[in-house]
Amino acid sequence: MERLRIGIVGLGMAVTPHARGLVDLADRVEVVHAFSPSAERRARFGESFPFPLCDSLETILDDTSVEAVLVLTPANTHLDIARRCAQAGKHVLLEKPVEITTARAQDLVAICDAAGVTLGIVLQHRFKPAAETLAGHLASGDMGTMIGCSTVIRLWRPQSYYDEPGRGSFARDGGGVLISQGIHTLDLMLSLAGPIVDVTGHALTSAVHRMETEDMVCAVARFANGAFGTIDATTAAYPGFPERIELICRNATASLSGTALEIAWHDGRRVNVAAEAGAGGTGADPMAFTHDHHRAVMADFVEAVRQGRPPRVTGVEALKVHRLIDALIAAGATQGPVSVAAASR
């Protein structure tokens, strides 16, 4: 396969696992430019990774040899950057979330579709081997119909994390624990358990943090197949715990905890996938996780571009979790059932 020539836009906190994945994929990907407007960030990045640096987004957009752009900037910049990439005919691999509101996210997806460029979203939890194993058993039907789903996201972020200007704000991030941290597990839950019809619950800022948006959410969800479940998400749970999705099915029960999986069937069969090494980014260091899943996202994106197929997590697919997050926030404000299909910011 001819190497895909890409540019990186954004060299902040999120870049390290992506860059490590790109080093691993050097036989399939060539990084032509790595851009940040900050000279300090360019210098720091250059000390760790052997990629050419540039000080202008136009350098990437004007280089006709660049086929795709990896966008790792704050969420409120995604629409403008993706639009400019699409206008230049560049495919886009975009760090989550798609944008700070669902309306802006929908515009971004539509722009890339109209331009005929491939849009992939970095929601790497779907690529965990344990998650893929569980997805396979669910798809085979041998676990039976799902009747319950519990999703628990109990993470820890110290106040110093939210003291960074703009972090945890609607204007820069689009929200708090749901869109910034929980989006990965919520997206994985939807991919496994199917769509949610409506939610009822609470979304608030706890006494643990000083921030604009929510750091604690508790909700009941009604799934399209008739199952019920709960969603419990926070960044106030010291010292942080592996995210957990528990599925109760007619023939078996499964617990996906971080990167570990246990499935127990009524007939005595069992499946166990051991946890991978690493803290998983659940505590004070949000980057304390392996880059293996990011590498898998990028490998899938490269193959999608070369084969002319959609990546596993498209923009349209990512809009599903955005709409769920909107419904959870709206439910917290109204204290009543909120339709996922109707909720949109």
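Residues numbered from 1 in each chain as written. Predicted model: local features only at pLDDT ≥ 70, side-chain atom pairs only at ≥ 80, totals over all residues. Heavy atoms only, no water.

Digging into the overall build of the protein
Piece 1. A tally of helices and strands in the protein yields 10 helices and 15 strands.
Piece 2. The C-alpha radius of gyration of the protein comes to 20 Å, within 12% of the 20 Å expected for a compact globule of 345 residues.
Piece 3. Seen through its principal axes, the protein has C-alpha atoms that stretch 55 × 45 × 40 Å.
Piece 4. In the protein, which comprises 345 residues, the share counted as buried stands at 55%. (Helix = DSSP H or I, 4+ residues; strand = E, 2+ residues; numbered from the N terminus. Rg over C-alpha atoms; globule rule 2.2 N^0.38 Å. Buried < 20%, exposed > 50% of the residue type's maximum accessible area, 1.4 Å probe, protein only.)

Some details on the nonpolar core
Piece 1. Of all hydrophobic cores here, the largest spans 101 residues; its most connected members are Ile 8, Leu 186, Met 189 and Ile 196.
Piece 2. For this core, the element with the most residues is helix H8 (residues 177-193), which contributes 10 residues. (Core = buried A, V, L, I, M, F, W, Y, C linked by side-chain atoms within 4.5 Å.)

Considerations on the sheet that holds strand S6 (residues 119-122)
Piece 1. Taken in spatial order, the six strands of this open sheet run S3-S2-S1-S4-S5-S6, and their pairing is parallel. Of all strands in the sheet, those with a lone pairing partner are strand S3 (53-54) and S6, marking the two edges.
Piece 2. Pairing analysis gives four bridges linking strand S4 (residues 68-71) to strand S5 (residues 91-95), with the strands arranged parallel. Looking across to S5, one finds that Leu 70 is bridged to Leu 93.
Piece 3. Set on the sheet, helix H9 (residues 292-307) makes contact with strand S1 (4-9), strand S2 (29-35), S4, S5 and S6; between it and S5 the angle comes to about 160°. (Pairing = 2+ DSSP bridges. Contact = heavy atoms within 4.5 Å. Axes fitted to C-alpha atoms, helices over the stretch in contact; angles between N-to-C directions.)

What about the packing of aromatic side chains?
What characterises a pair of aromatic rings is the spacing of the ring centres plus the angle enclosed by the ring planes.
Piece 1. All told, the structure shown has five aromatic pairs when counted by the stated rule.
Piece 2. When the ring of Phe 49 is compared with that of Phe 51, the centres are 6.3 Å apart and the planes differ by 5°; the resulting orientation is stacked.
Piece 3. Between the aromatic rings of Trp 156 and Tyr 238, the centroid separation amounts to 5.3 Å while the plane-to-plane angle is 90°, which identifies the pairing as edge-to-face. Linking Trp 156 in the loop between strand S7 (146-154) and helix H7 (159-162) with Tyr 238 in the loop between strand S10 (228-234) and strand S11 (244-249), this pair joins segments that are 82 residues apart in sequence.
Piece 4. Given a relative accessible area of 16%, Trp 156 falls into the buried group. (Phe/Tyr/Trp six-rings, centres within 6.5 Å; stacked < 30°, edge-to-face > 60°.)

Some thoughts on the side chain of Thr 185
Piece 1. Tracing the sequence through the fold places Thr 185 in helix H8.
Piece 2. According to the relative accessible area criterion, Thr 185 is buried, its value standing at 3%.

Side note on the sheet that holds S7
Piece 1. Strands sit in the order S14-S13-S12-S11-S7-S10-S9-S8-S15 across an open sheet of nine strands; the sheet is mixed. The strands lining the two open edges of the sheet, one partner per strand, are strand S14 (270-273) and strand S15 (338-339).
Piece 2. By the bridge criterion, two bridges tie strand S8 (residues 196-204) to S15 in an arrangement that is antiparallel. Its bridge partner being in S15, Asp 198 is matched across the sheet by Ser 339.
Piece 3. Lying over the sheet, helix H6 (residues 129-140) contacts S11, strand S12 (252-257), strand S13 (260-265) and S14, oriented at roughly 25° with respect to S13.

A closer look at the pattern of salt bridges
Piece 1. Here the structure, examined in full by the defined rule, presents 23 salt bridges.
Piece 2. Put simply, Arg 269 and Asp 267 hold a salt bridge, and the shortest N to O gap is 3.0 Å.
Piece 3. Exposure remark for Asp 267: the relative accessible area of 54% places this residue in the exposed category.
Piece 4. Through salt bridges with shared partners, a single ionic network connects Arg 126, Asp 187, Glu 317 and Lys 320. (Salt bridge = Lys/Arg side-chain N within 4 Å of Asp/Glu carboxyl O.)

Remarks on the pairing of strand S9 (residues 216-223)
Piece 1. Residues Val 217, Ala 219, Ala 221 and Phe 223 point to one face of S9 and are all buried, whereas Met 216, Cys 218, Val 220 and Arg 222, pointing to the other face, are not buried.
Piece 2. Relative to S9, S8 runs antiparallel, the two sharing eight bridges. Bridging across to S9, Ala 203 finds its partner in Val 217.
Piece 3. In the sheet, S9 pairs with S10 via seven bridges, with the strands oriented antiparallel. By the bridge assignment for S10, Ala 221 is matched with Gly 229.
Piece 4. Two successive antiparallel strands, S9 and S10, enclose a turn made up of four residues, where Gly 226 displays a positive phi of approximately 100°.

A word on unusual backbone geometry
The general pattern is negative phi for most residues beyond glycine and trans for most peptide bonds.
Piece 1. Note that the residue after Lys 96, namely Pro 97, is joined by a cis bond; omega there is -15°.
Piece 2. In this fold, Pro 97 is placed in the loop between S5 and helix H5 (102-115).
Piece 3. The omega torsion of the bond from Tyr 238 to Pro 239 falls at 0°, within 30 degrees of zero and hence cis.
Piece 4. Of note, Gln 335 is a non-glycine position whose phi angle comes to about 65°, a positive value.
Piece 5. Tracing the sequence through the fold places Gln 335 in the loop between helix H10 (315-334) and S15.

Here we look at the environment of Ile 147
Piece 1. Structurally, Ile 147 can be placed in strand S7.
Piece 2. The contact partners of Ile 147, leaving out residues within four places of it in the chain, are Ala 227, Phe 228, Ile 248 and Cys 249.

A few points about the packing of H5 against H10
Piece 1. Closest axis-to-axis distance for the H5/H10 pair is 10 Å, and the angle between their directions is 175°. Judged on the interaxial angle alone, H10 and H5 are roughly antiparallel. Across the interface between the two elements, Thr 102, Ala 105, Gln 106 and Val 109 from H5 touch Gly 315, Val 316, Leu 319, His 322, Arg 323 and Asp 326 from H10.
Piece 2. Of the residues belonging to the contact of H5 with H10, the class tally is four nonpolar, four polar and two charged. (Parallel < 35°, antiparallel > 145°, perpendicular 65-115°, else oblique. Nonpolar A, V, L, I, M, F, W, Y, C, P; charged D, E, K, R; others polar.)

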